[in-house]
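Okay, here's what each chain looks like letter by letter:
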Amino acid sequence: AAGVPRALPSSGPKSLREMPHPLATSSSEEMGPALTPSPDLLLPRSIADKDLSLPNGTPVDTSSPASSSSLLNRLQLDDDLDGETRDLFVTVDDPKKHVCTMETYITYRVTTKTTRAEFDLPEYSVRRRYQDFDWLRNKLEESQPTHLIPPLPEKFVVKGVVDRFSEEFVETRRKALDKFLKRITDHPVLSFNEHFNVFLTAKDLNAYKKQGMALLSKMGESVKYVTGGYKLRNRPLEFAAVGEYLDTFSLKLGTIDRIAQRIIKEQLEYLVELREYGPVYSTWGGLEVELSEPLEGVSACIGNCCTALEELSEDMTEDFLPVLREYILYSESMKNVLKKRDQVQAEYEAKLEAVALKKEDRPKVPTDVEKCQDRVECFNADLKADMERWQNNKRQDFRQLLMGMADKNIQYYEKCLTAWESIIPLLQDKPETK
Amino acid sequence: MEDCLAKKMEITVSEAEKRTGRNAMNMQETYTAYLIETRAVESQSEGQCAPVDSLWRRYSEFELLRNYLSVTYPHIVVPPLPEKRADFVWHKLSADNMDPDFVERRRIGLENFLLRVASHPVLCQDKVFYSFLTQEGGWKEMVNETGFQLKADSRLKALNATFRVKNPDKRFTELKHYSDELQSVISHLLRVRARVADRLYGVYKVHGNYGRVFSEWSAIEKEMGDGLQSAGHHMDVYAASIDDILEEEEHYADQLKEYLFYAEALRAVCRKHELMQYDLEMAAQDLTSKKQQCEELATGTVRTFSLKGMTSKLFGQETPEQREAKIKILEEQIQEGEEQLKSKNLEGRDFVKSAWADIERFKEQKNHDLKEALISYAVMQISMCKKGIQVWTNAKECFSKM
């Protein structure tokens, strides 16, 4: 069944009106026909201690397959709330270089393990290149315009400045792509998207891509990308607040990025001097008799500190900076989605005004205005849910990132400490005891 | 060692003071004066506190003392003075002689110098040194009256000897070579260390920026705010910690500098030997040539070409009386020369013996001191690492509460 997706219960080409919101208050029995619970959910589960509820107080139905938490997240810190077992695992690894006549590029292996009914097989393994991830992201943005799509690592790399095929660059990219897919996997709506399914399973993705050109969703057509702001009657407070928050947040992240880069630069300059410093002790040791061993010891010790420092700088460059930059991109995505939402609301308000001006006595509101209202309400609900999950993930991600940074520094100092402590006995050694 | 002055007397350079006065050219100048305090140790055992004597000296007086000691005891590796001008500084340190940190480090260096001299078995017994510590007025005049400046060897003479000496004691040649290399390597070390300190300062200080931005960021966060704010505080602590760390390291640099200057003192002893040896060789050469002349006159044979010989052949020989007179003068000179040579030889051997004894003493002191310096340096590094671990562990805990 590879290559031809079945009709999936995703929020794809269906009208928003028909689809009940995944986090709606309906109980499990009232789940709409569009959603089929996965086999796991029919088993009795332990619900976590906390009662989950939306910001507005309505309790969350944790029985839906779209529940946002997972228990067995291998990579993230354990901070998840409910006890649902995850049924979809995706990993990106094994980068390989391909050399063709026209171009050279890297592919990554994407492995999927799942028990979901939407997948024909329990396991898949496919090869994808960056283009394919980019395609997926665009498709998701088109087909799920009311949701926040995770960011991809930067597309264009300045040739000559960065080596696209260096181990460090490829590894950094791999981690970012892995993160990208995991975030989608975690998402209660996006993870059911048909394009995502195909991406994970299709042997020949290019064939599907060509096919898909004709199947633009209705939603995709009507909601276009927006660059400017919209004048709204009343933007709901939470969205206004988020907009402001994101502006400051991006600024602060940018500052932290610059500071981190500066630190790395200073550390590398320090390293250059250390590399000259250590060997001088060795030269001195060559002149001496009794002091020869102690001086050599100090020289070796400084050498060890150099290695430790090099490792620290590498780690910060490869692990810290990319994640920071990813969040700046994420903020940008979020702001774009907010703008789209504003646009939908503006459309609705405009239509409403137009109706009011026509002065029709009929109490019946025209259907297209109703549709707009639904759109706005659904968008708001989707976005609110995504924002919450984004805030929560952001907190976890930064907690992990900053703890990681602290850890790396601790490890650096521990390595140096070990080196210096180990030469104390050497320095104190008396010639008679030898 | 038991009788050395350091055991009998407590010596400290306890204070430094800025003074203004008039110099030799009657121009106003500013200088620093150092307070030397001394107290006899013996009385303390009786339960009474001995009175403290004190006097003020400036750096130029210390220099005068050292010059005197170098000339008077050429076979001794005389302890060096702390540097006259700040050298090997990294950017934050001032190169200004009036800078309080520099003055403070110099005070310590001068005290160290006095203690070194006071614990030297030979130097501590010197009367001039004792007066330096105890006699307030008229010390300068007293030193000059010893006439030590006249005994000083000229630079040129020493240089000449270095090039022309034929058979110096091999050990001194090696030692001179060693002292050159030591000077070179310690200079290099101090220069690079200063650059390392500079860079390390930069790394720590930039982290302070985290403190500010975390604080600003925490203002817009709800749950993450507290964790970020307190972590930022730790980043500030981290950035501030480098000042003390590097100040301590300056003491290590000062210990290295002392031995950099000690290398110069070592070389001076070697040069003295070369000079004495050259002198000896010249005297021996002179004696040999006089003996030869004498022999030639006595036997009438000319073994070596000499203008006098030629002219006497051409213009007639001397009378036997004239020849006798000449021989007599030469014989007197030869006898004088032989006595001089004997005493020079003795002097030379004595010098080598006593110099080498002091050199051995110096080597042991150097090995001991430098080992201690390296240990204290390692301890400083360990302390710095532990502080780093502490700060980052604290920060990590704050992050974990985000």
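Residues numbered from 1 in each chain as written. Chains lettered and ligands numbered in written order. Predicted model: local features only at pLDDT ≥ 70, side-chain atom pairs only at ≥ 80, totals over all residues. Heavy atoms only, no water.

- Naming follows an unreviewed UniProt entry, where chain B appears as SNX4 protein of Urocolius indicus.

- Where an unreviewed UniProt entry is consulted, chain A appears under the name Sorting nexin-30, with the organism given as Urocolius indicus.
- UniProt, in its Sequence similarities (unreviewed entry) section for chain A, records the words "Belongs to the sorting nexin family." (UniProt positions renumbered as here; feature names shortened; annotations may be inferred.)

1. Some thoughts on the sheet that holds strand β3 (residues 123-129) of chain A
Residue and element names in this part refer to chain A.
And then number 1: As summarised here, the arrangement of the 3 strands in space is β1-β2-β3, forming an open sheet in which the pairing is antiparallel. Of all the strands in the sheet, just β1 (88-99) and β3 have a single pairing partner and so form its edges. With direction set aside, neighbouring strand axes in the sheet form an average angle of 20 degrees.
And then number 2: Pairing geometry for β1 and strand β2 (residues 104-114), over 10 bridges, is antiparallel. Looking at the pairing, V92 lines up with V110 of β2.
And then number 3: Across the sheet, helix α1 (residues 130-143) touches β1, β2 and β3, and the angle it forms with β3 is around 105 degrees.
And then number 4: Against the sheet, helix α3 (residues 194-201) touches β1, β2 and β3, its axis set at about 90 degrees to β3. (Pairing = 2+ DSSP bridges. Helix = DSSP H or I, 4+ residues; strand = E, 2+ residues; numbered from the N terminus. Axes fitted to C-alpha atoms, helices over the stretch in contact; angles between N-to-C directions. Contact = heavy atoms within 4.5 Å.)

2. Structural notes on the environment of K328 of chain B
And then number 1: Considering the arrangement of structural elements, one finds K328 of chain B in helix α11 (residues 320-400).
And then number 2: The exposure class assigned to K328 of chain B is exposed, which follows from its relative accessible area of 57%. (Buried < 20%, exposed > 50% of the residue type's maximum accessible area, 1.4 Å probe, protein only.)

3. Structural notes on the sheet that holds strand β2 (residues 28-40) of chain B
Strand-to-strand pairing in sheets goes through backbone hydrogen bonds, with the strands running parallel or antiparallel.
Residue and element names in this part refer to chain B.
And then number 1: Strands sit in the order β1-β2-β3 across an open sheet of 3 strands; the sheet is antiparallel. With partners counted over all chains shown, the strands left at the sheet margins are β1 (9-22) and β3 (53-58), one partner each. Adjacent strand axes in the sheet meet at a mean angle of 25 degrees when their direction is disregarded.
And then number 2: For β2 and β3, the ladder comprises 6 bridges, and the chain directions are antiparallel.

4. What to know about the confidence of the model for chain B
Residues and elements named next belong to chain B.
And then number 1: For chain B, the average pLDDT comes to 88, and 92% of its residues sit at 70 or higher.
And then number 2: Highest mean pLDDT in chain B belongs to helix α8 (residues 170-218) (95); lowest belongs to helix α10 (residues 307-315) (62).
And then number 3: Per the prediction output, this complex has pTM 0.79; the corresponding ipTM is 0.89. (pLDDT = per-residue confidence, 0-100.)

5. Side note on the nonpolar core
And then number 1: Residues F320 of chain A together with Y210 of chain B are the most contacted members of the largest nonpolar core, which totals 130 residues.
And then number 2: Elements with a contribution of two residues or more to this core: α6 (237-287), α7 (292-358) and α8 (367-428) of chain A together with α8, α9 (225-299) and α11 of chain B.
And then number 3: When residues of this core are assigned to their parent elements, the largest contribution, 23 residues, is made by α8 of chain A.
And then number 4: For Y210 of chain B, the contacting residues outside a window of four places in its chain are I256, I259, A260, I263, F320 and M405 of chain A together with M235 of chain B.
And then number 5: Grouped together as the second largest cluster of nonpolar side chains are 33 residues, L64, V78, A118 and V128 of chain B included. (Core = buried A, V, L, I, M, F, W, Y, C linked by side-chain atoms within 4.5 Å.)

6. Section: the interface of chain A and chain B
And then number 1: Every contact between the two is made by 54 residues of chain A and, on the other side, 54 residues of chain B.
And then number 2: Each partner contributes to the roughly 5,400 Å² buried at the junction of chain A and chain B, and carbon and sulfur atoms together form 75% of this total.
And then number 3: Of all residues in chain A, Y277, W284 and Y413 of chain A give up the largest surface area on contact with chain B, accounting jointly for 13% of the area buried on that side.
And then number 4: The tally of links from chain A across to chain B stands at 9 salt bridges.
And then number 5: On inspection of chain A and its partner chain B, the count reaches 18 residue pairs in polar contact (both at pLDDT 80 or more).
And then number 6: Taken together, the elements giving at least two residues each to the side of chain A that touches chain B come down to α6, α7 and α8 of chain A.
And then number 7: No other element matches the 24 residues that α6 of chain A contributes to the side of chain A that touches chain B. (Buried area = accessible area lost by both parts, 1.4 Å probe. Salt bridge = Lys/Arg side-chain N within 4 Å of Asp/Glu carboxyl O. Polar contact = N/O pair within 3.5 Å; in protein donor to acceptor, adjacent residues only side chain to side chain.)

7. Section: empty space enclosed by the protein
And then number 1: This structure, assessed with the given rule, holds 16 cavities of 30 Å³ or more.
And then number 2: Empty space within the largest cavity amounts to approximately 170 Å³. (1 Å grid on protein atoms, 1.4 Å probe; cavity = no way out; pocket = protein on both sides within 12 Å on 5 of 7 lines; lining within 4 Å. Points joined across faces, edges and corners; volume = space filled by probe spheres on them.)

8. Comments concerning the domain arrangement of chain A
One frequently used descriptor of interface size is the decrease in accessible area upon assembly of the parts.
All names here are of chain A.
And then number 1: Each domain of chain A was delimited in the assignment, giving domain 1 (85-206) and domain 2 (231-433).
And then number 2: Contact residues are listed per partner, giving 20 residues for domain 1 and 18 residues for domain 2.
And then number 3: A buried area of about 1,800 Å², summed over both sides, lies between domain 1 and domain 2, and 52% of it is on carbon and sulfur atoms.
And then number 4: Counting the surface domain 1 buries against domain 2, the share from its top three residues, T146, L148 and R183, is 35%.
And then number 5: In this assembly, domain 1 and domain 2 are joined by 4 salt bridges.
And then number 6: At the boundary of domain 1 with domain 2, the tally comes to 12 residue pairs in polar contact (both at pLDDT 80 or more).
And then number 7: Those elements that place two or more of their residues in the side of domain 1 that touches domain 2 are α1 and α2 (167-186).
And then number 8: A per-element tally of the side of domain 1 that touches domain 2 places α2 first, with 7 residues. (Domains from an automatic or database assignment.)

9. Section: the confidence of the model for chain A
Residues and elements named next belong to chain A.
And then number 1: Summing up the model confidence of chain A, the mean pLDDT is 77 and the portion of residues at 70 or higher is 71%.
And then number 2: Mean pLDDT across the elements of chain A bottoms out in helix α5 (residues 218-222) (42) and peaks in α6 (94).
And then number 3: Segment residues 1-83 is flagged for pLDDT under 50; beyond a separation of four residues in sequence, or across chains, it makes 123 contacts in the model.
And then number 4: Predicted confidence for residues 216-227 stays below pLDDT 50, and this span has 17 contacts to residues more than four positions away or in other chains.

10. Here we look at the pairing of β2 of chain A
All names here are of chain A.
And then number 1: The buried count for β2 comes to 8 of 11 residues, which makes it a mostly enclosed element.
And then number 2: Remark: 4 residues form the turn of the hairpin made by β1 and β2, two consecutive strands paired antiparallel.
And then number 3: Across 7 bridges, β2 lies against β3 in antiparallel orientation. Residue pairing for β3: R109 is matched across the bridge by R127.

11. Section: the environment of I36 of chain B
And then number 1: By secondary structure assignment, the location of I36 of chain B is in strand β2.
And then number 2: A residue is classified by how much of its surface remains accessible, and I36 of chain B, at 0% relative accessible area, is buried.

12. A word on the side chain of H187 of chain A
Residues and elements named next belong to chain A.
And then number 1: Position of H187 among the secondary structure elements: in the loop between α2 and α3.
And then number 2: Owing to a relative accessible area of 4%, H187 belongs among the buried residues under this scheme.
And then number 3: A polar side-chain atom of H187 sits 2.5 Å from a polar atom in the side chain of D386.
And then number 4: The contact partners of H187, leaving out residues within four places of it in the chain, are H147, D386 and R389.

13. Section: a negative patch on the surface
Residues and elements named next belong to chain B.
And then number 1: Taken together, the side chains of E321, E324, E331, E332, E336 and E339 define an acidic patch exposed on the protein surface.
And then number 2: You can see E336 is positioned in helix α11.
And then number 3: Given a relative accessible area of 53%, E336 falls into the exposed group. (Patch = residues over 30% accessible without salt bridge, like charges linked within 9 Å, V, L, I, M, F, W, Y side chains within 5 Å. Areas by Shrake-Rupley, 256 points an atom, 1.4 Å probe, with all protein chains shown as cover. Lys, Arg positive; Asp, Glu negative; His and termini not counted. Charge placed at Lys NZ, Arg CZ, Asp CG, Glu CD.)

14. Re the layout of surface pockets
Residues and elements named next belong to chain B.
And then number 1: By volume, the second largest pocket is sized at about 1,200 Å³.
And then number 2: Counting residues per element, the ones that place at least two in the lining of the second largest pocket are α2 (59-72), α6 (148-151), α7 (155-164), α9 and α11.
And then number 3: The leading source of residues in the lining of the second largest pocket is α9, at 13 residues.
And then number 4: Across the lining of the second largest pocket, the residue classes break down as 21 nonpolar, 6 polar and 12 charged. (Nonpolar A, V, L, I, M, F, W, Y, C, P; charged D, E, K, R; others polar.)

15. Topic: the pattern of salt bridges
All names here are of chain B.
And then number 1: Here the structure, examined in full by the defined rule, presents 64 salt bridges over all chains.
And then number 2: Taking the shortest distance from any N to any O, the salt bridge between K257 and E83 comes out at 2.8 Å. Of this pair, K257 sits in helix α9 while E83 sits in the loop between α2 and α3 (100-118), and the two are 174 residues apart along the sequence.
And then number 3: Connected through salt bridges with shared partners, the residues E83, R105, R193, E249, E250, D254 and K257 form a single ionic network.

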